[in-house]
Amino acid sequence: MDNKYPHLYFKNPSENFKGFKYGQRGNKKEMEIRPPEYFEPKAIDFYNSLQNYSTHLTERIQQRNQKLNVSKHIEYVEILFHGSFDEDSFGEKYKNKFGLSGIKFDELNSRVVFAIVDLDAFNEFIRQINLYLDEVEHNSPEYDTVIRYIKEFDLLTTKEMLSKYSLKSNVHYIDLVDDKAIFDYDVIKEDFLVYLNNRQISYHWDETNRTIEVQNVTTDSITEICNNYDIILSVNSVSTARVSPGKFGEPERDYPFEVNFDNDVPVIGIIDTGISDLTPLKSILINSGNDFDRFKNNPLLDNVGHGTSVGAFAALGKFIAKEPQGTIEADARLLSMKVLDNQAGDLPVSTIEGLIRKAYQEKNVRLFVLTINFSIPKRTNTDFSAYAYALDKLTHELDILIFISTGNYDNVNQQKLNEYPTSFINEEYNIQIPAESLNNLTVGSVGDNFKDLIAGISDKNHPTIYTRTYHLDFENSSKHKVFKPDLVFGGGNYDADAFGPYSGGDASMQALSQPYNDSGKVEFFYKNLGTSFSTPLVANLAAKLMRLYPELNCQSYKALLINSTEQYKKYAFNNYPESQTKYIIGNGIPLEENLLYSNNNQVIMVLEDKIHPGKLKKGTVKYYRLNIPEYLNKHPNNSALLEINITLCFKTLPVKDNHIAYNPIHMAFNLFKNLTDEELNKALGADTKIKSSVLVGSSNNWSQDAYYKGRILSNSQKVRYTVSKDVIKANDNTFVLAVNCIYHKMIRKVLANNPNYKKDHDFSIAISIRENAAKSKLTGRLYNEIQAINTLENIGDIELEAEN
């Protein structure tokens with residue numbers, strides 16, 4: 001018999017160190033790109049760059065409409081570097097010496113758009129390029145050697161601005177430059193507003209996110225805008241992927257189940273095609289009126305069937321995929337947030353932002369499901385989209401969590417089946433916007449359909465052939481800690497026959513359908529597959545957590561979900577190392593038995609606290625002492641006696657248009673030995689190597705390393721530790737959990753003086769400690785003993801019964 005217990009708040013007092021910094025790495029030099037030592041090829045590139053810049057500048061001047069009387073004009077130069085441009089070290093030099101102000105940092109900061117803010121200084125830049133072309137002796141050159149890091153450059157043209165523009169869309173998202181980076185922003189903005197108003201162009205100007213949303217604008221107008229109003233970086237056409245599945249299937253006489261709920265269940269917002277109220281979901285829909293329909297019609301009318309299926313999985317979980325009968329207790333109620341009325345279409349980002357904010361403020365909705373992605377996969381190594389940025393900022397501001405699907409790879413055929421799983425490395429499998437969002441939780445799919453009818457092309461623990469993967473270069477996956485998806489879950493599987501893979505067979509997922517008419521006949525079930533099924537099923541787990549522990553912040557739910565995943569496995573992907581496998585399956589599959597309750601032999605704790613990033617070059621550390629029961633000193637097991645899983649999650653205020661420093665705050669954790677305060681302060685202050693101070697020798701560094709500049713920092717990290725009885729005894733039954741925080745090195749000079757970052761930052765940590773022994777050797781004492789010797793509090797007021 002294994003008793004269920006509530007999770008615990010970890011309240012052991014924390015201590016702050018005076019400062020934290022990474023020590024030097026011996027003979028390792030910082031991982032920065034070095035200019036190539038070949039000069040003639042570079043001279044050709046520079047010569048071509050000068051010619052292209054001159055030609056495109058002449059064309060741009062000719063393309064301007066003088067009748068518009070635009071008050072000011074600014075030119076932008078796009079520079080490709082051999083590696084990541086270090087804004088913290090070289091930004092001021094480029095601005096002061098060359099008159100170039102960095103505006104947008106893309107492709108891991110190797111592609112930078114600069115505004116020419118001082119024409120005289122920019123002429124010095126051109127002079128340096130010409131000096132390079134005239135140079136004979138490059139070992140002692142007359143030019144500034146900093147330009148060797150440049151690969152090529154050109155004027156930012158209207159053609160480049162419109163590279164993501166599509167005639168198929170009626171909604172376009174215009175990215176604006178940073179108003180603080182150029183001098184004439186406000187003047188050009190006023191002229192631009194006059195243009196929009198005079199031509200009666202419908203627009204939504206978001207100064208905070210530096211975007212304009214325009215609708216039903218001709219190509220000629222969009223082109224004219226880019227030609228004349230020099231506060232524009234790019235135009236992105238907003239169109240969604242084709243949602244699936246459809247709504248038709250085998251008809252049944254009536255729904256064989258009904259839905260009941262308790263008043264304390266949370267509400268999940270379903271951002272989709274509507275949720276039909278002609279289904280048993282009617283009893284748990286909280287909509288009143290049409291406020292949450294983008295079209296102001298009826299959010300409880302689903303003309304596609306997609307939103308109804310997604311809502312059912314979010315509220316009822318895996319039961320829908322089985323044979324639901326009788327009365328089902330819902331884990332959540334639903335708010336239908338209708339943003340699409342067809343299988344594909346335009347999707348204004350401002351509308352989604354407004355609906356989420358409204359749902360949070362008026363309905364206290366904190367969990368949302370978004371399984372409608374933009375149609376085109378992200379290009380490899382491209383930066384964070386404006387859509388992901390908008391959602392990340394919203395999640396940072398509000399206590400919410402959005403569950404986002406990776407999107408589906410729809411072009412499944414026999415060739416792809418033959419290539420599986422090596423095809424995941426191809427760009428066409430990259431995730432779709434906004435799945436790269438950092439503050440929210442992204443979900444991919446494994447082949448489970450929860451019916452034990454797996455006859456598909458992969459088993460239930462392997463990623464499906466349609467799930468999408470992270471868009472950073474697989475070859476550099478070990479360099480960055482960041483990856484998506486965060487989790488994977490069952491979403492149904494493809495069957496295979498002589499004609500190739502097909503959906504809707506035995507391996508697909510059973511989903512709830514809406515009625516196709518009002519005659520009383522309904523299509524209760526249909527079979528299909530997709531990350532649109534996996535994503536709400538993970539949100540259902542979060543709803544169960546929220547019901548049990550409603551006072552936690554949403555990053556704690558995210559941490560608990562990630563922390564519940566099974567021990568890392570390669571899923572038989574022998575051709576992918578661990579770092580690349582995480583681009584496909586993330587942290588793995590969340591397990592409900594590791595998520596909702598603690599038990600006699602496993603205690604789950606949540607730590608919620610704040611930490612300051614410190615000074616310019618020296619961060620801070622907080623440490624917490626965790627007391628381990630002494631009865632374990634006599635346990636019959638020795639090796640790997642305790643399994644400890646720790647997950648850190650925190651919300652970040654992202655930096656727009658800076659790929660590498662999008663997450664500007666670094667946090668990390670590790671377990672250390674039971675050292676004195678003085679010893680810890682010395683070790684974690686980098687006066688000595690921390691390797692001799694860590695608890696587990698195989699984990700000789702932090703959960704994330706911020707020593708090197710050219711890395712995208714993750715705000716979600718999980719580490720699994722196994723601790724022997726000898727280690728427990730050697731540390732007098734006390735471990736030290738340390739958390740550090742420091743500014744991103746790439747832009748720390750900017751951050752250290754910004755009140756949005758120069759402050760305490762919230763973080764959540766989920767800690768799971770499990771007695772790792774055969775069932776016959778489990779003591780059943782761990783939960784009560786840990787609770788007795790640490791400062792812990794029950795989370796929530798939960799009455800639980802023993803389970804046989």
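Our structure is the block above this text.
Asks: Please give an account of the packing of aromatic side chains that cites residues and values.
Replies: Taken as a whole, this structure holds 33 aromatic pairs when the rule is applied. A ring pair is formed by Tyr420 and Phe424, whose centres lie 5.8 Å apart and whose planes are at 70 degrees; its orientation type is edge-to-face. Per residue, the accessibility class of Tyr420 equals that of Phe424, and both read buried. Among the aromatic residues, those joined into a cluster by ring pairs are Tyr53, Phe81, Phe85, Tyr94, Phe98, Phe105, Phe114, Phe122, Phe125 and Phe153. The ring centre of Phe292 lies 5.6 Å from the NZ or CZ of Lys358, which sits over that ring. Directly above the ring of Tyr707 sits Lys745, whose terminal nitrogen or CZ lies 4.3 Å from the centroid.

Asks: Could you give an account of unusual backbone geometry, with specific residues and numbers?
Replies: Look at the link from Ile433 to Pro434: it is a cis peptide, with omega at 5 degrees. Locating Pro434 in the fold gives a position in the loop between helix 10 (414–419) and strand 18 (441–446). Lys484 connects to Pro485 through a cis peptide bond whose omega is 5 degrees. Considering the arrangement of structural elements, one finds Pro485 in the loop between strand 18 and strand 19 (487–490). Even without glycine at this site, Asn109 takes up a positive phi of about 65 degrees. Along the chain, Asn109 turns up in the loop between strand 5 (100–106) and strand 6 (111–116). Although it is not a glycine, Ala640 sits at a positive phi angle of roughly 50 degrees. Take Ala640: it is sitting in the loop between strand 26 (620–627) and strand 27 (642–649).

Asks: Tell me about the sheet that holds strand 5, and name the residues and values.
Replies: Sheet strands associate in pairs through backbone hydrogen bonding, adopting either a parallel or an antiparallel arrangement. Spatially, four strands are ordered 5-6-4-7 in an open sheet, and the strand pairing comes out antiparallel. The open sheet terminates on both sides in strands that have one partner only, identified here as strand 5 and strand 7 (150–155). This sheet shows a mean twist of 25 degrees between the axes of neighbouring strands, independent of strand direction. By the bridge criterion, five bridges tie strand 4 (residues 76–81) to strand 6 in an arrangement that is antiparallel.

Scoring rules and cut-offs
- Residues numbered from 1 in each chain as written.
- Predicted model: local features only at pLDDT ≥ 70, side-chain atom pairs only at ≥ 80, totals over all residues.
- Heavy atoms only, no water.
- Phe/Tyr/Trp six-rings, centres within 6.5 Å; stacked < 30°, edge-to-face > 60°.
- Buried < 20%, exposed > 50% of the residue type's maximum accessible area, 1.4 Å probe, protein only.
- Lys NZ or Arg CZ within 6 Å of the ring centre and 35° of its normal.
- Helix = DSSP H or I, 4+ residues; strand = E, 2+ residues; numbered from the N terminus.
- Pairing = 2+ DSSP bridges.
- Axes fitted to C-alpha atoms, helices over the stretch in contact; angles between N-to-C directions.

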